[in-house]
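# Residue-level structural notes
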Amino acid sequence: MAAGAFGAVPLRGYAADVVNIGALYPTTGSMAQIGTGCVAAAKLAVEMINEAGGIKSLGGAKLNLIISDVQSDTTVTRTETDRLITGNKLSAIHGCFASALTLIASEVCERAKVPIITGSSSDQLNKGRKFTFTPFARASQFARAQLQMAKLVSDQPKVAVIFENTAFGTSTSNGLKELAPGEGVEIVMFEPYSAGFTDAGPLINKVKASGANALFSVSYLNDLILIVRTVKQVGLNVAINGGSGGFVIPDFYKNVGKLAEGLQGVAHWNHDMSPDCQKVNEAYKKITGDFLFEYAGGLVAQTFMLAEALERAASADPQKVREALSTLEISSGYAAMAPGGRVRFEPDGKNAYGRPVGVQWQNGDLASVFPKEDARAPLIKS
């Protein structure tokens, strides 16, 4: 119903106006696989909220999701974020999962004073921003968790770090290098490689020669698949932690099959963390056939956080929604689906309780194994 369609005063008995939420995801281009899963999760979350009665403080107003394809491209992300905000009356936005895209989207949102909530982990998102909210672990926390997980496998971890020579690879691997001494982990090899390479043999032979008992690979999906296959081909017996991103999505297992068994990673969300997570996972599985992976699962939680903020603000005004988000404190329900089950945003927009969860491939599924308080299954040592 258009605003004021029945005059200035809304008549009782008529549906309240909808609340517009923007969704920025790459559903085409190189990141489309993850983006498409995110859109399915975003639609599921909105459906759940609307079926439960919408935003009650706004007379049962329903959430209306306005999706925009940012095409895995930074330039398109800028223009689409701008178009989404200027062309619609938005209360908030969520997106984009890939930090390179989210950094740009959040710049546009900051200028327009529209809150954006995101599963991206770049620490930069919490610098000098007032309208950007990050409920999950930061990139710097992922590196620490990986190093701590290496000690689950060996009392004296000797780690080989291989990383793609991109901004993502370099910044993540440098984080590992800086934190390793403080965590009692020795890095015995630190080697960049060209992203999208076709032969991992020389690189893995170097890992073999380094005497490493653990391998950290900072790579996107296709490179990681090649690396894991090559490790098995050369008969290298080493614990692998593939970090986040491509490693923790269903497609990784579909590509490497049984080779994935026992491999470890880190995620900002996992579908076995709580009964609520498991419930949402079952609903998502019915729609897509796959388990609810970290970005998509985190997105369901984010949508419920936005609904909670709207409920408290009793207003669809983006500035008031931002105020409500900044004072949000949640420890139950779908909005609290984060490792540790608590969300409270600090002045820089990050969740005071945010932390990663360590995961392992077990029987074709991802099980939470670290830290102890978040573990839902024991770590299997290979």
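Everything discussed here concerns the structure shown above.
Residues numbered from 1 in each chain as written. Predicted model: local features only at pLDDT ≥ 70, side-chain atom pairs only at ≥ 80, totals over all residues. Heavy atoms only, no water.

What follows covers helix α11 (residues 318-326). For α11, the set of buried residues is P318, V321, R322, A324 and L325. All buried residues of α11 project into a common sector of 165° when viewed along the axis, lining one side. Elements that come into contact with the buried residues of α11 comprise β3 (90-95), β5 (132-133) and α10 (294-313). (Buried < 20%, exposed > 50% of the residue type's maximum accessible area, 1.4 Å probe, protein only. Helix = DSSP H or I, 4+ residues; strand = E, 2+ residues; numbered from the N terminus. Arc of directions from axis to C-beta. Contact = heavy atoms within 4.5 Å.)

This part is about the side chain of S173. Tracing the backbone shows S173 in helix α5 (residues 167-179). Contacts of S173, omitting those with residues within four sequence positions, involve V161, F163, F190 and V218.

Counting 102 residues, the largest nonpolar core has I93, L215, I227, F252, M305 and W361 as the members making the most contacts within it. Those residues in contact with F252 that lie beyond four places of it in its chain are L221, L224, I225, V228, G246, F247, A260, L263 and W361. (Core = buried A, V, L, I, M, F, W, Y, C linked by side-chain atoms within 4.5 Å.)

Remark: the empty space left among the atoms is shown by a probe the size of a water molecule rolled over them. Within this model, the largest pocket holds a volume of roughly 1,300 Å³. Along its surface, the largest pocket is lined by 44 residues, and S99, S121, F168, T172 and Y220 are the ones closest to its centre. Sorting the residues of the lining of the largest pocket by element identifies α1 (32-51), α3 (99-112), α4 (139-153), α5, β8 (214-218) and α7 (221-233) as the ones contributing at least two each. Grouping the constituent residues of the lining of the largest pocket by class yields 18 nonpolar, 23 polar and 3 charged. (1 Å grid on protein atoms, 1.4 Å probe; cavity = no way out; pocket = protein on both sides within 12 Å on 5 of 7 lines; lining within 4 Å. Points joined across faces, edges and corners; volume = space filled by probe spheres on them. Nonpolar A, V, L, I, M, F, W, Y, C, P; charged D, E, K, R; others polar.)

On to the sheet that holds strand β4 (residues 116-117). Sheet architecture is open: 5 strands sit in the order β2-β1-β3-β4-β5, paired in parallel fashion. Edge positions in the sheet fall to β2 (63-69) and β5, since each has one partner strand and no second. The sheet contact formed by β3 and β4 spans 2 bridges and is parallel. When the sheet's bridge partners are listed, H94 is paired in β4 with I117. (Pairing = 2+ DSSP bridges.)

According to the stated counting rule, one finds 14 salt bridges in the structure shown. For E183, the salt bridge identified is with R144, shortest N-O distance 2.8 Å. Remark: R144 occurs in helix α4 and E183 occurs in the loop between α5 and β7 (186-193); sequence separation between them is 39 residues. Among the residues examined, E183 registers a relative accessible area of 11% and is labelled buried. (Salt bridge = Lys/Arg side-chain N within 4 Å of Asp/Glu carboxyl O.)

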